[in-house]
Amino acid sequence: MKKIQPPTCSPSELFDDCVLGISDPTVQARLIAHKGLIEDANANYAASSATQTWCHLPRARHANPDQFIVGNLTKGDLVSLYTEGMVGSSGAARKKYDELKLLAHDECPYCGGCGEMVDEEGIGTIDHFLPKARFPIFSILPINLVPSCATCNGGMGSKFPTSPELQPLHPYFDAPHFFEEKWTTVTVSEDEPILVTFDVAAPATWSEKDRLRILEHFKCCKLRGRYRTKVASDISSLVEQRKTVHRNLTPEEFREVLKTVADNGALPINGWKRSLYHGLAESLWFCTNNFAA
Ligand SMILES: [Zn+2]
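On a predicted model such as this, the values are computed, not experimentally measured, just so you know. (Residues numbered from 1 in each chain as written. Predicted model: local features only at pLDDT ≥ 70, side-chain atom pairs only at ≥ 80, totals over all residues. Heavy atoms only, no water.)

Q: Help me out: how do you make sense of the overall build of the protein in this one?
A: For the protein, the helix and strand inventory stands at 13 helices and 6 strands. When its C-alpha atoms are laid out on the principal axes, the protein stretches across 75 × 40 × 30 Å. Counting across all 293 residues of the protein, residues that qualify as buried make up 49%. The contacts of the protein with a sequence gap of at least 6 include a subset with a gap of at least 24, amounting to 70%. Taken as a whole, the protein presents about 13,600 Å² of accessible surface, with 54% of it coming from carbon and sulfur. Counting 31 positive and 36 negative side-chain charges, the protein places the averaged centre of each group 3 Å from the other. (Helix = DSSP H or I, 4+ residues; strand = E, 2+ residues; numbered from the N terminus. Buried < 20%, exposed > 50% of the residue type's maximum accessible area, 1.4 Å probe, protein only. Contact = heavy atoms within 4.5 Å. Areas by Shrake-Rupley, 256 points an atom, 1.4 Å probe, with all protein chains shown as cover. Lys, Arg positive; Asp, Glu negative; His and termini not counted. Charge placed at Lys NZ, Arg CZ, Asp CG, Glu CD.)

Now the structure itself:
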């Protein structure tokens, strides 16, 4: 849930670069003959982005790589543009692929930096917001390619909902309030060991559709559980500080220490860290506890 700038690379230039990486001359010729589709795809995607209705774009059948998508161009041809022409290429398309990953600035926009952005090759992943298995026409459309952590990428998989209110948040095109207003909540157990539970609560002014969308986003990125796994070291470090360097602070002063992180505008407002510190600052039990043995 971090908004990032959409890629600026030209869809038709990227198409040309990817076509160059296709080894089968017959497939390559079919793709070249249908180059016009990329501009149409870009326009359709942009129109859906304006209304957040990507789910209504036409989808291909499950599997069926031989299904014709446009003329004699198959789903398999379009998917190979990505797998062979882009990811598998050593040319300009691969360079653009690697540049796309940099748009996230090492922080996955779906989970707000919860997931690791560096895999064993040190390069992270690219998620197809609309999965290429169902929307092959957008397999190399730059604005459908979102840098993400492997967990978010895998979590959303090849499924995409058919209802607008169940769509995950689009890091390039969704409305600013999803990324600027607070909608995560935290409950602190007020007992030791301290347990923290993350949840979702939309501001009262939001529409029912937006409320359902953040619920779905939280669910499909598995954030309830993933956030919880992040907090242990921060909590034990804070408890240790409360017993030592912060032992003379009043509850109100300690709350201010917590609020400096809760209000840190450099971190995603609904990411695990700001949510955790906000929840701890709100907990009278946590702020008044000196954790003496
Ligand atoms: Zn992620």
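Q: Please explain the domain arrangement of the protein as it appears in this structure.
A: You'll often see interface size given as the accessible area lost when the parts meet. Looking at the assigned domains, one finds that the protein contains domain 1 (11–166) and domain 2 (177–288). Computed over C-alpha atoms only, the centres of domain 1 and domain 2 are separated by 34 Å. Summed over the three residues of domain 1 that lose the most area to domain 2, namely Cys114, Glu165 and Leu166, the buried surface amounts to 37% of that side. Where domain 1 packs against domain 2, one counts 0 salt bridges. If you look at where domain 1 meets domain 2, you find 3 residue pairs in polar contact (both at pLDDT 80 or more). No other element matches helix H6 (residues 150–156), which puts 4 residues into the side of domain 1 that touches domain 2. Tallied by class, residues from the side of domain 1 that touches domain 2 come to 9 nonpolar, 6 polar and 2 charged. (Domains from an automatic or database assignment. Buried area = accessible area lost by both parts, 1.4 Å probe. Salt bridge = Lys/Arg side-chain N within 4 Å of Asp/Glu carboxyl O. Polar contact = N/O pair within 3.5 Å; in protein donor to acceptor, adjacent residues only side chain to side chain. Nonpolar A, V, L, I, M, F, W, Y, C, P; charged D, E, K, R; others polar.)

Q: Any chance you could explain the coordination of the zinc ion here in plain terms?
A: Tetrahedral coordination by four donors sets the ideal angle at the metal to 109.5 degrees; octahedral coordination by six donors sets it to 90 or 180 degrees. Within the protein, Cys108 (SG), Cys111 (SG), Cys149 (SG) and Cys152 (SG) serve as the donor atoms for the zinc ion, at 2.3 Å. Coordination geometry of the zinc ion: the 4 donor atoms subtend angles of 102 to 115° at the metal centre, consistent with an arrangement described as tetrahedral. One chain supplies every donor to the zinc ion, and in sequence these donors are spaced C-x2-C-x37-C-x2-C. Separated by 41 residues along the polypeptide, Cys108 in the loop between helix H5 (92–101) and strand S3 (125–128) and Cys149 in the loop between strand S4 (145–148) and H6 bring together distant segments of the chain. Neither residue differs from the other here; Cys108 and Cys149 are each classed as buried. (Donors = N, O, S within 2.8 Å, 3.2 Å for Na, K, Ca; no water. Tetrahedral: all angles 85-135°; square planar, octahedral: opposite > 155°, others 65-115°.)

Q: When you look at unusual backbone geometry in this model, what are you seeing that I'm missing?
A: Cis peptide bonds are those with omega within 30 degrees of zero, and the linkage from Glu192 to Pro193 qualifies with 0°. With respect to the helices, strands and loops of the structure, Pro193 is situated in the loop between strand S5 (184–188) and strand S6 (196–200). Of note in the backbone geometry, Asn64 takes a positive phi value of approximately 50° without being a glycine. Inspection of the secondary structure puts Asn64 in the loop between helix H3 (36–51) and strand S1 (68–70). Of the residues examined, Asn64 reaches a relative accessible area of 34% and is grouped as partly exposed.

Q: Is there a simple way to explain H3 in this structure?
A: Think of an α-helix as turning once every 3.6 residues; residues three or four places apart then point the same way. For H3, with 16 residues, the first-to-last C-alpha span of 24 Å sits near the 22 Å given by 1.5 Å per residue. Listed as buried for H3 are Leu37, Ile38, Ala41, Asn42, Tyr45, Ser48 and Ser49. Buried residues of H3, viewed axially, fall in a sector of 135°; they line one side. Structural note: H3 exposes Asp40 and Ala50 on the side pointing more than 90 degrees away from its buried face. For H3, the secondary structure elements touched by its buried residues are helix H1 (11–20), strand S2 (73–74) and helix H4 (75–87). Phi turns positive, to about 50°, at Gln52, one or two residues after H3. (Expected span 1.5 Å × (residues − 1). Arc of directions from axis to C-beta.)

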